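Examination of the molecular architecture
The chain contents come next:
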Amino acid sequence: VTQHYSDIETDPYSGNDAKKSLLSKGYIKEEYLKNRGKILSLTKTATEELGVQQTTDRFGGGLHINLINNIASLLKELGHHCEIEKLVGDGKKTDIVVDSKYAVEVEMREFKHTNVHKNLGLDFDRVIIVCYRKEQLDNFKTKLENMALREDRRKNVTVIDYTSLCKKEKLTEIFGDVKK
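Counting restarts for each chain: residues are numbered from 1 in the order of the written sequence. Since the coordinates come from a predicted model, pLDDT governs what is reported: local features require at least 70, and pairs of side-chain atoms require 80 or more to be given and counted, while whole-chain, interface and lining totals use all residues. Remark: hydrogens and water are excluded; side-chain values derive from all non-hydrogen atoms of the structure.

As for the environment of D177
Only DSSP runs of H or I with at least four residues qualify as helices, and only runs of E with at least two residues qualify as strands; both kinds are numbered from the N terminus onward. Inspection of the secondary structure assignment puts D177 in the segment after α9 (168-175). Along the chain, D177 and L75 lie 102 residues apart, while their C-alpha atoms are 8.7 Å from each other. Two residues form a contact once any of their heavy atoms are found within 4.5 Å. In this structure, D177 is in contact with L78, H80 and T172, ignoring residues within four places of it in sequence.

Laid out in structure tokens, this is it:
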């Protein structure tokens, strides 16, 4: 908000006041991201009471986008080509497409079968489902095991937590190191 006021050449002091007001009324929330500082995102209250449209219909907003961008940046450092929020048909998007071979979906809340079926139907070599919190991992793996999915297709799906995936050795294990 402060930056926006500065961009439209209104003093940042007014922007800070507006931000504080929106925070106090519960219309926006601040989240602190490790090594990134804080981000602001709209709350459900803002979308319902003010009729504000979110820029994405995905849960997690700024945090979700940040996680996607972090993963893509790490993969690019290894020499991979990444397409973020790639439109894959029928109005559907995949969070990250890596080297046109891998589909990566970042899940903030729950495991979605539709993300597995959507991406396997596009003949990606692998589908990587990334859960935001490590505590979700067992639940996600159980849901994958219980999916009505042929075994030859199930073996092409990897479920991993965000923190583990972001380690260079894990990224190299799953995607390879193009620079070598």
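Here's the deal with the confidence of the model for the chain
Low-pLDDT portions of the prediction should not be read for the details of their coordinates. Confidence of the predictor in every single residue is expressed as pLDDT, which spans 0 to 100. Looking at the chain, the pLDDT average stands at 81 and 81% of residues meet or exceed 70. Confidence, read as mean pLDDT per element, is least for helix α1 (residues 2-7) in the chain (60) and greatest for strand β5 (residues 102-107) (93).

Some thoughts on the sheet that holds strand β6 (residues 126-131)
A pair of strands is labelled paired if DSSP reports no fewer than 2 bridges between them. An order of β3-β4-β5-β6-β7 is seen for the 5 strands of this open sheet, with the pairing classed as mixed. With partners counted over all chains shown, the strands left at the sheet margins are β3 (82-89) and β7 (157-161), one partner each. Each neighbouring strand pair of the sheet contributes to a mean axis angle of 35°, computed without reference to strand direction. As defined by bridge partners, β6 adjoins β7 across 5 bridges and the pair is classed as parallel. Bridging from a neighbouring strand, C131 pairs with D161 of β7. Its contacts with the sheet place helix α6 (residues 137-145) against β5, β6 and β7, and it is angled at close to 165° to β7. Every axis in this analysis is a line fitted to C-alpha atoms, fitted for helices over the stretch in contact. Angles between the N-to-C directions lie between 0 and 180 degrees.

Here we look at the pairing of β7
Consecutive residues of a regular strand have side chains that alternate between opposite faces of the sheet. Partly exposed residues are those whose accessible area sits between 20% and 50% of the maximum for their type, while under 20% is buried and over 50% is exposed, using a 1.4 Å probe and protein chains only. For β7, the tally of buried residues reaches 5 of 5 residues, placing the bulk of the element in the interior. The alternating pattern of β7 places V157, V159 and D161 on one face and T158 and I160 on the opposite face, and all of these are buried.

Quick notes on the pattern of salt bridges
A pair is scored as a salt bridge if a Lys or Arg side-chain nitrogen falls within 4 Å of a carboxyl oxygen belonging to Asp or Glu. Enumeration over the complete set of coordinates arrives at 6 salt bridges. Between D152 and R150 there is a salt bridge; the shortest N-O distance is 3.0 Å. Judged by relative accessible area, R150 falls into the exposed class, the value being 54%. E173 is paired through a salt bridge with K170; the nearest N and O atoms lie 3.4 Å apart. Note that E173 and K170 are positioned in helix α9 at a spacing of 3 residues, about one turn of the helix. Residue classification places K170 among the partly exposed residues on the basis of a relative accessible area of 27%.

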